[in-house]
Number of protein chains: 2
Amino acid sequence: MARNKEQNEKMREERKQQIRSGALRQFATKGLFATKIKDIADAVGMAQGLVYHYYKSKDEIYVELIKNALNKMNEAVISLKEMSLPPHEKIRLAIEQLLKTIDTSDDFIQTCRLIAHATSSTAIPEEAKKLIQEKRDLPYQEVAKIMAQGQEEGTIIEADPNELAIVFWTSINGLAIYKATRQDSTAIPDARILINMFMERTGEKSCRV
Amino acid sequence: MARNKEQNEKMREERKQQIRSGALRQFATKGLFATKIKDIADAVGMAQGLVYHYYKSKDEIYVELIKNALNKMNEAVISLKEMSLPPHEKIRLAIEQLLKTIDTSDDFIQTCRLIAHATSSTAIPEEAKKLIQEKRDLPYQEVAKIMAQGQEEGTIIEADPNELAIVFWTSINGLAIYKATRQDSTAIPDARILINMFMERTGEKSCRV
DNA sequence: TTTTTGATTGAATGTTCATTCAGTATATTA
DNA sequence: TAATATACTGAATGAACATTCAATCAAAAA
């Protein structure tokens, strides 16, 4: 097998990815403290000691996972912001996509659990706290902006846009957690229930004339 | 100080309550594994060893807290069920009360966090798992029934009542978690945003004629 | 071939706890 | 007062675990 600098670098990064992948599931289901290095090593199929060939500590793995999760979330929000769609269609699309992802992507669910564990626990590494502090607000802010735009167009209900954003994300998050804790095939609710909550009712359809 | 059987029993129960109270906050903010017996003892202001005079183990305290939390939640749901109000008013009232409680009762928030930690972690005592298994579904079932009743009366929107119940509870839960993780004075959203989501729109108000 | 470099293993080390325990204090009862 | 029972303390014990380390292994380069 080749062994030049780049190849080496690449293989090393692949191995690190395997570790992160195994660690994600462990941290997501058990939390940082209940997860033992042995659990991670077993999940990846390597010896305990080898984990330390790739990561300095358990905390370092954890922090990297938190960082990735927050970044992915923020990137998704930015790309939503930059779509050329009317605001209420952005909200509709976002809810549909998020619910579908919750329903189909195990990785996404695990990531939500990880973030949930992390944001609701004070017993996490300082660096993870800092990252959360820095990055958790962007999704709320961006959705609030979209809500405000929709209000100007008369398509989103009148209410404090920040509050709408909070309801938006906490509902999504609550659903992700719910789904994660029901191993079986519990169906995720129809997206229209949530979408409805934010849409101004302008028309015939919802009126008994 | 008196020292007959009953007095003793009562004082012992008070002391246990103090321990539970201190432990609740610790478990809620850090989870089971990150919470050390020393933390609990310090929170109550007693020596480590004394905790074991009242509880056999850390797990036993944890299980008792989980049990209390689930019972309180279920009792509240039963009392909602038994109120003589039209279904949509029950939903309205429940949302208003829950949001107000989230906003004002620190104990309630801590309890929500405890349950959230517990339901989303596999690293909890077997007995706690069993309790959650047994008791977590009642609130969903009862709210689903109320939703169905409301649909018959035409006051609750048409959608699978079970899905409505899931959205109901996951939204509430998401908000509680949100509130718990923002130390500052973050306001809880206006209850009407959530209430709206479930109510059939029958009238003039929401129509542009 | 030999040398070098990185991957890998599992045992050794030291620390952090949960839990136990020996002993002290305090209050009630006899 | 002495005997007894409970509350209480903080040190001792032992297990679990994160991290380190000495020793192999395998591939590539020389």
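Residues numbered from 1 in each chain as written. Chains lettered and ligands numbered in written order. Predicted model: local features only at pLDDT ≥ 70, side-chain atom pairs only at ≥ 80, totals over all residues. Heavy atoms only, no water.

Draft legend 1. Representation of the overall build of chain A within the structure. Of regular secondary structure, chain A possesses 10 helices and 0 strands. Moving toward the C terminus, one meets the helices and strands of chain A in the order α-α-α-α-α-α-α-α-α-α. Oriented by its inertia axes, the alpha-carbon framework of chain A measures out at about 70 × 35 × 35 Å. The proportion of buried residues among the 209 residues of chain A is 52%. In chain A, of all internal contacts separated by at least 6 residues, the share reaching a separation of at least 24 is 72%. Element-wise, carbon and sulfur atoms account for 49% of the exposed surface of chain A, whose accessible area totals about 10,500 Å². Averaging the coordinates of the 31 positive side-chain charges in chain A and doing the same for the 30 negative ones gives two points 7 Å apart. (Helix = DSSP H or I, 4+ residues; strand = E, 2+ residues; numbered from the N terminus. Buried < 20%, exposed > 50% of the residue type's maximum accessible area, 1.4 Å probe, protein only. Contact = heavy atoms within 4.5 Å. Areas by Shrake-Rupley, 256 points an atom, 1.4 Å probe, with all protein chains shown as cover. Lys, Arg positive; Asp, Glu negative; His and termini not counted. Charge placed at Lys NZ, Arg CZ, Asp CG, Glu CD.)

Draft legend 2. Spatial organisation of the interface of chain B and chain A. Listed as interface residues are 45 residues of chain B and, on the opposing side, 45 residues of chain A. For the pairing of chain B and chain A, the buried interface totals around 4,000 Å² over both sides, and the portion due to carbon and sulfur atoms is 59%. Our enumeration of links across chain B and chain A arrives at 2 salt bridges. Between D137 of chain B and R182 of chain A there is a salt bridge; the shortest N-O distance is 2.7 Å. Taken together, chain B and chain A are joined by 13 residue pairs in polar contact (both at pLDDT 80 or more). Where the side of chain B that touches chain A is concerned, the elements lending two or more residues are α1 (5–34), α6 (106–119), α8 (137–153), α9 (161–180) and α10 (191–198) of chain B. Top contributing element to the side of chain B that touches chain A by residue count: α9 of chain B, with 10 residues. By residue class, the composition of the side of chain B that touches chain A is 19 nonpolar, 16 polar and 10 charged. (Buried area = accessible area lost by both parts, 1.4 Å probe. Salt bridge = Lys/Arg side-chain N within 4 Å of Asp/Glu carboxyl O. Polar contact = N/O pair within 3.5 Å; in protein donor to acceptor, adjacent residues only side chain to side chain. Nonpolar A, V, L, I, M, F, W, Y, C, P; charged D, E, K, R; others polar.)

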